[in-house]
Each structure stands twice: as C-alpha cells, then as structure tokens.
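Examining the three-dimensional arrangement
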Amino acid sequence: MDDTDRAIIAHLGQDARMSVAVLARRLKLARSTVQARLERLETTGAIAGYTLRLGEAARVTRIRATCLLTIEPRAQAAILGRLKALPAVEKVHSTSGRVDLLLQLGCASTVELDEVLDRIGNLTGVRSSESLVHLSTKFDRAI
C-alpha cells in the first residue's frame with residue numbers, strides 16, 4: 001500500500017459514498033487509475049466493505065460503555081461464544097496488559113446496561129470486570 005492508496009482510504013473514510021469521479025478529481029488522478037486501485041484494495045482485503053457511520057445525533061439515544069474483562073486461562077473461546085449471544089456487545093478486542101478483553105457495549109438505557117454488565121460479570125471464566133460509561137465523544141477518527 002502506497003501513499004495514493006492511503007489517500008484513497010482516507011477520503012473514503014470521511015465519505016464512503018464518494019463517487020470514483022469525485023475521488024479521482026480530489027486526488028488529481030485519472031478515474032480509471034482510481035477505479036483500478038479500488039478494485040485491487042478490495043481484492044487484497046485492504047477494503048473489506050463500505051459502511052455507514054452514525055453521527056452523534058443518531059447515537060444520542062444509545063448509552064455507550066467499555067467493559068474491561070480479566071478472564072481465566074483457556075476460557076476465552078467459551079466466553080467469546082457467550083458474548084456473541086448478547087446484542088449489546090458490539091465489539092470485542094483482545095488486549096495486552098492487565099486485562100484480557102475490551103468490550104464495546106451499546107444499550108438503550110442504564111437499566112439495560114446494568115443488566116448486560118451483570119450478565120457479563122457472571123459468565124463462567126470471568127475473573128473480574130470494570131466498566132467505563134462513555135459520556136461524550138470529543139473526536140472520532142475511526143475508519
């Protein structure tokens with residue numbers, strides 16, 4: 001991946017609906033060049049898909065939280081299976097450091113969040129959990 005590919009990804013990260021013609025114009029490249037690069041980025045898996053990223057106005061009704069889990073050795077596979085069954089668990093990352101898993105949660109209310117956190121904390125193999133409620137997003141560069 002070179003600087004042009006990174007520029008294409010950066011532009012699409014801001015607006016995934018941007019047409020190839022507009023993208024080519026902004027990058028000062030031929031439309032066919034941009035199209036060929038997009039196809040290669042998709043084929044190699046650098047671009048896995050195009051998606052919608054909700055704005056703050058749409059997220060305001062959701063309570064977001066991060067849950068940090070410390071788990072028993074060899075319990076990860078079973079815990080991941082149980083976490084997949086909880087719709088409020090949006091993402092799970094393995095980590096290095098004092099915790100084993102970092103969960104991103106999204107709930108409709110504090111009552112729902114409390115119930116989800118209780119369910120997660122009671123999973124067999126979970127040694128400890130810590131939750132952090134997100135208050136506001138200062139900026140988001142995620143693609």
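If you're wondering where the values come from, they're calculated on a predicted model, not measured in any experiment.

1. Considerations on the pairing of strand E1 (residues 63-71)
In terms of residue burial, E1 counts as a mostly covered element, since 8 of its 9 residues are buried. Relative to strand E3 (residues 101-107), E1 is paired through 7 bridges, and the arrangement is antiparallel. Note on E3: the bridge partner recorded for Leu68 is Leu102.

2. A few points about the environment of His134
Checked against the element boundaries, His134 lands in the segment after strand E4 (126-133). Look at His134 and you get partly exposed, because its relative accessible area is 37%. Distance from His134 to Ile63, taken between C-alpha atoms, is 7.3 Å for residues 71 residues apart in sequence. Excluding residues within four positions of it along the chain, His134 makes contact with Arg64, Ala65 and Thr66. In terms of polar contacts, His134 uses its side chain to reach the side chain of Thr66, at 2.6 Å.

3. Considerations on helix H2 (residues 20-27)
The set of residues buried in H2 consists of Val20, Leu23, Ala24 and Leu27. Buried residues of H2 fall within an arc of 100° about the axis and therefore sit on the same side. Relative to its buried face, H2 has exposed residues pointing more than 90 degrees away, namely Arg25 and Arg26. In this fold, the buried residues of H2 make contact with helix H1 (3-14) and helix H3 (31-43). After H2 finishes, the residue Lys28 shows a positive phi value of roughly 55°.

4. Considerations on the sheet that holds strand E2 (residues 89-94)
Taken together, 4 strands build an open sheet; the order of strands is E2-E3-E1-E4 and the sheet is antiparallel. Two strands bound the open sheet, and with one partner strand each, they are E2 and E4. Between one strand axis and the next, the sheet turns through 20° on average, direction left out of account. Pairing geometry for E2 and E3, over 5 bridges, is antiparallel. Bridging across to E3, His93 finds its partner in Leu102. Together, E1, E2, E3 and E4 form the strand contacts of helix H5 (residues 76-84), whose direction differs from that of E3 by roughly 10°. Along the sheet, helix H6 (residues 110-121) makes contact with E1, E2, E3 and E4, crossing E3 at roughly 150°.

5. Structural notes on H6
Each α-helix winds once per 3.6 residues, and so residues spaced three or four apart point in a common direction. When the terminal C-alpha atoms of H6 are compared, their 16 Å separation across 12 residues agrees well with the 16 Å that a helix rising 1.5 Å per residue should span. Regarding H6, the residues found buried are Leu113, Val116, Leu117 and Ile120. One side of H6 holds all its buried residues, which, seen down the axis, span an arc of 100°. Structural note: H6 exposes Val111 and Arg119 on the side pointing more than 90 degrees away from its buried face. Check the buried side of H6 and you find it contacts E1, H5, E2, E3 and E4.

Calculation criteria
- Residues numbered from 1 in each chain as written.
- Predicted model: local features only at pLDDT ≥ 70, side-chain atom pairs only at ≥ 80, totals over all residues.
- Heavy atoms only, no water.
- Buried < 20%, exposed > 50% of the residue type's maximum accessible area, 1.4 Å probe, protein only.
- Helix = DSSP H or I, 4+ residues; strand = E, 2+ residues; numbered from the N terminus.
- Pairing = 2+ DSSP bridges.
- Contact = heavy atoms within 4.5 Å.
- Polar contact = N/O pair within 3.5 Å; in protein donor to acceptor, adjacent residues only side chain to side chain.
- Arc of directions from axis to C-beta.
- Axes fitted to C-alpha atoms, helices over the stretch in contact; angles between N-to-C directions.
- Expected span 1.5 Å × (residues − 1).

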